[in-house]
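Residues per chain are reported as follows:
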Amino acid sequence: MKIVDVRISGLSGGTVEGGWANELQPDDNINTIVQVLTDEGVVGLGSAMTSKALVEAAVQLLRPLLVGERADEPARVSEKLRQSLFWQGRGGAVEHAISGIDIALWDLMGKVCNQPVARLLGGYYRDRIKPYGSILFDEPGRLREKLQGALTRGFKAIKMGWRPFGRSDRRTDERLVQTARATVGADVELMVDAGGSEQFWPHGYKWALETAKMLRAYDIVWFEEALPPDDIDGFVELRRHAPLPIATGEVLTRRQSFWPFLRRHAVDIIQPDTTKCGGLTECWRIGWMAYEHNILMVPHGWNTAVGLAADLHLTAALPVARYVEFLTPSPYMDELITQPFRPDAEGFLHVPTGPGLGVSLHPEALRRFGT
């Protein structure tokens, strides 16, 4: 079976709350569905967390290297793409596009072999995993409503991120966290994402350390993006002195970018994004490197149901894994595939068992949101 083309569909009209920053709008395209087509009519599905325009530009470079390749050798083909374009996109948007293609190639390989991706990645260590509902912070009243909505949807773990947390004063930050804990009770896990990769991040190490101490008092599971994503020395110190686990990694691409964080034990939790860092192949490698350094990998996933399916197969195939991120509510999660993911009564998601990723696009939803 040979690859004959790549089809790209940007998603627009359902971007959650305009994304995460004021300059984005609900109609802006920040996620792209990638479909790899074969000469036998089998199609592989992937997802890239970047705009269609950037994916299209990258695919112009990638298509000549991809067309004619085998459809059942994802790791080799993805590495060929990466190394062949080393001088034109060492990371960044080209790697984001390779991520979507790589996920689609694993989906294809699973369909060719009639096996789920998790088995092809090495086998199932688990067949279900806990999702955390990922929401944005808001003023206390609205935050309470968002949290109650996530509980209604069955989540037993919830992560809150970005504004207004960290953008006003310490009293405001603590009031938000206090509101969250009072709303969900003691038995629901809470995580906090400070959005350290936002433009012109204003805080430093001392703010992060003091905030970590405050969060520990409310039994927060981890503190994410407390510092700018390139401040490795800062993360080393923060991880050493903070009283709760420290997490980062969502903006890094290529496995080599993760090595310093893992070798130096700069974090307790590393968070590669399968739809950005290089796809399932790179994430699997990063996950095993993290395991060897006794660091937990939790894939970042502010994306689509296709990306979530990839994360479920990935975490099923790693020796130690505890969570996947589930953007909620989101049409790209809830409407894009024919059988949307839903937490079970205990708050877990079951890893798909069908061939490949085990999910199918909903044609009407793709027409509605696709550009």
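Everything below is about the structure shown above.
Small disclaimer: the values here were computed from a predicted structure and weren't measured.

A closer look at the pattern of salt bridges
Right, on to step 1. Applying the stated criterion across every chain yields a total of 30 salt bridges.
Right, on to step 2. A salt bridge links arginine 70 to glutamate 73; the nearest nitrogen and oxygen atoms lie 3.4 Å apart.
Right, on to step 3. One continuous salt-bridge network, built from bridges that share partners, spans Glu69, Arg70, Asp72, Glu73, Arg76 and Lys80.

Some thoughts on helix α6 (residues 170–184)
Right, on to step 1. Between the first and last C-alpha of α6 there are 22 Å, a value that for 15 residues agrees with the 21 Å anticipated at 1.5 Å per step.
Right, on to step 2. When α6 is considered as a whole, its buried residues turn out to be Thr172, Asp173, Leu176, Val177, Thr179, Ala180, Arg181, Thr183 and Val184.
Right, on to step 3. Looking at the packing, one finds that the buried side of α6 touches α5 (140–152), β5 (157–161), β6 (189–193), α7 (205–216) and β7 (220–224).
Right, on to step 4. Where α6 starts, the residue carrying a side-chain oxygen 3.1 Å from the main-chain nitrogen of arginine 171 turns out to be aspartate 169.
Right, on to step 5. Two residues or fewer after α6 comes glycine 185, characterised by a positive phi angle close to 85°.

Overview of the environment of leucine 227
Right, on to step 1. Topologically, leucine 227 is positioned in the loop between β7 and α8 (232–241).
Right, on to step 2. In this structure leucine 227 comes out as buried when scored by relative accessible area, which is 1%.
Right, on to step 3. Between the alpha carbons of leucine 227 and proline 74 there is a distance of 34 Å; along the sequence they are 153 residues apart.
Right, on to step 4. Residues in contact with leucine 227, not counting those within four places in the same chain, are Gly196, Trp201, Gly204, Tyr205, Ala208, Gly234, Phe235 and Leu238.

What to know about the pairing of β5
Right, on to step 1. Summarising burial for β5: 5 of the 5 residues are buried, a large majority.
Right, on to step 2. Burial along β5 is two-sided: the face carrying Ala157, Lys159 and Gly161 and the face carrying Ile158 and Met160 are both buried.
Right, on to step 3. Handedness of the crossover joining strand β4 (residues 128–136) and β5 through α5: right-handed.
Right, on to step 4. Pairing analysis gives 5 bridges linking β5 to β6, with the strands arranged parallel. Counted as the bridge partner of glycine 161 is aspartate 193 from β6.

Rules used throughout
- Residues numbered from 1 in each chain as written.
- Predicted model: local features only at pLDDT ≥ 70, side-chain atom pairs only at ≥ 80, totals over all residues.
- Heavy atoms only, no water.
- Salt bridge = Lys/Arg side-chain N within 4 Å of Asp/Glu carboxyl O.
- Helix = DSSP H or I, 4+ residues; strand = E, 2+ residues; numbered from the N terminus.
- Expected span 1.5 Å × (residues − 1).
- Buried < 20%, exposed > 50% of the residue type's maximum accessible area, 1.4 Å probe, protein only.
- Contact = heavy atoms within 4.5 Å.
- Polar contact = N/O pair within 3.5 Å; in protein donor to acceptor, adjacent residues only side chain to side chain.
- Right-handed = clockwise from strand over helix to strand, strands pointing away.
- Pairing = 2+ DSSP bridges.

These figures capture arrangement, not role.
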